[in-house]
Amino acid sequence: MPGLLGKKIGMTSVFSADGKNVPCTVIEAGPCVVTQVKTVEKDGYAALQLAFGEKKEKNTTKPMMGVFKKAGTTPKYHLAEFKFDEEHNLGDTITVDIFEGTEFVDVVGTSKGKGFQGVMKRHGFGGVGQSTHGQDDRARKPGSIGACSYPAKVFKGMRMGGHMGGERVTTQNLRVLKVIPENNLIIVKGSVAGCNGSTVIINK
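Procedures and definitions
- Residues numbered from 1 in each chain as written.
- Predicted model: local features only at pLDDT ≥ 70, side-chain atom pairs only at ≥ 80, totals over all residues.
- Heavy atoms only, no water.
- Pairing = 2+ DSSP bridges.
- Helix = DSSP H or I, 4+ residues; strand = E, 2+ residues; numbered from the N terminus.
- Contact = heavy atoms within 4.5 Å.
- Axes fitted to C-alpha atoms, helices over the stretch in contact; angles between N-to-C directions.
- Polar contact = N/O pair within 3.5 Å; in protein donor to acceptor, adjacent residues only side chain to side chain.
- Buried < 20%, exposed > 50% of the residue type's maximum accessible area, 1.4 Å probe, protein only.
- Salt bridge = Lys/Arg side-chain N within 4 Å of Asp/Glu carboxyl O.

**Quick look at the sheet that holds strand S5 (residues 76-82)**
- Reading across the sheet, the four strands line up as S5-S4-S3-S6 and stay open at both edges, with antiparallel pairing between neighbours. If you trace the sheet from one side to the other, it starts and ends with S5 and strand S6 (93-94), each paired once.
- Both strand S4 (residues 47-54) and S5 contribute to a ladder of six bridges, which runs antiparallel. Considered in S5, the bridge of Phe-52 is made with His-78.
- Packing against the sheet, helix H2 (residues 62-71) makes contact with strand S3 (32-38), S4 and S5, and its axis sits at approximately 100° to S3.

In structure tokens:
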């Protein structure tokens, strides 16, 4: 499906036609440069590789510099592939105009990292027991995690404390409220995973 790479600017709110205050996310979508054209004959599938975000030449590897020079563009930070229905050539620039008339989009981002967290924050556990009757240090503990005698092991997939956040998250069916081509902006209803300034992928 066609889409673009972009950058999450932040959240704001707008008023709808019926006077409701709607929370929304502002995303800078593109402009993206076509750095590779994948074909069925050569690669086994048809897709476009798009690049987004300026990068210094000294921080770019020589193989990637060859890719960018072939496309006639400056080095970029982020690359991703999209399946476009229409034809595009190497070096073409694709802008946020492709979302004109689109009602819903899916946005892929990386969630904020929370570090090591316990079961109450990570999985929503209710805690163990009461705060009295001798309960000393188990208020936020998970409780029993396995069998006693048989099978005498902890099963895989048991919800426990651990690393939370920093994962790829796809938010589906976000309504497109407005597209501002002159500023390369798209405004979608609701929230998008990731911190301000993080890179996101917007798909139709």
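**Re the side chain of Lys-76**
- Tracing the backbone shows Lys-76 in strand S5.
- Polar contacts involving the side chain of Lys-76 include one to the side chain of Glu-54, which spans 2.4 Å.
- In contact with Lys-76, other than residues within four places in its own chain, are Val-33, Ala-51, Phe-52, Gly-53, Glu-54, Lys-55 and Phe-68.

**What about unusual backbone geometry?**
- For the peptide bond that leads from Tyr-150 to Pro-151, omega is 5°, which places it in the cis range.
- Tracing the backbone through its elements, the reader meets Pro-151 in the loop between helix H3 (119-123) and strand S9 (162-164).
- For Ala-152, which is not glycine, the phi dihedral falls at a positive 55°.
- As for its position among the elements, Ala-152 is in the loop between H3 and S9.
- For Ala-152, a relative accessible area of 52% translates into the label exposed.

**Side note on the pattern of salt bridges**
- Applying the stated criterion across every chain, the model contains four salt bridges.
- Between Lys-7 and Glu-28 there is a salt bridge, with its nearest N and O atoms 3.9 Å apart. Residue Lys-7 is found in strand S1 (residues 3-15), and its partner Glu-28 is found in strand S2 (residues 21-29); the two are separated by 21 residues along the sequence.
- Classification of Lys-7 by relative accessible area gives partly exposed; the value is 32%.

**Regarding the sheet that holds strand S10 (residues 168-180)**
- Around the barrel, which closes on itself, the six strands sit in the order S1-S2-S11-S10-S7-S12 with antiparallel pairing between neighbours. When the angles between neighbouring strand axes are averaged without regard to direction, this sheet yields 50°.
- Here strand S7 (residues 104-110) runs beside S10; their pairing, made up of six bridges, is antiparallel. Bridging across to S10, Val-108 finds its partner in Thr-170.

Without other data, these values stay purely geometric and don't point to any function.
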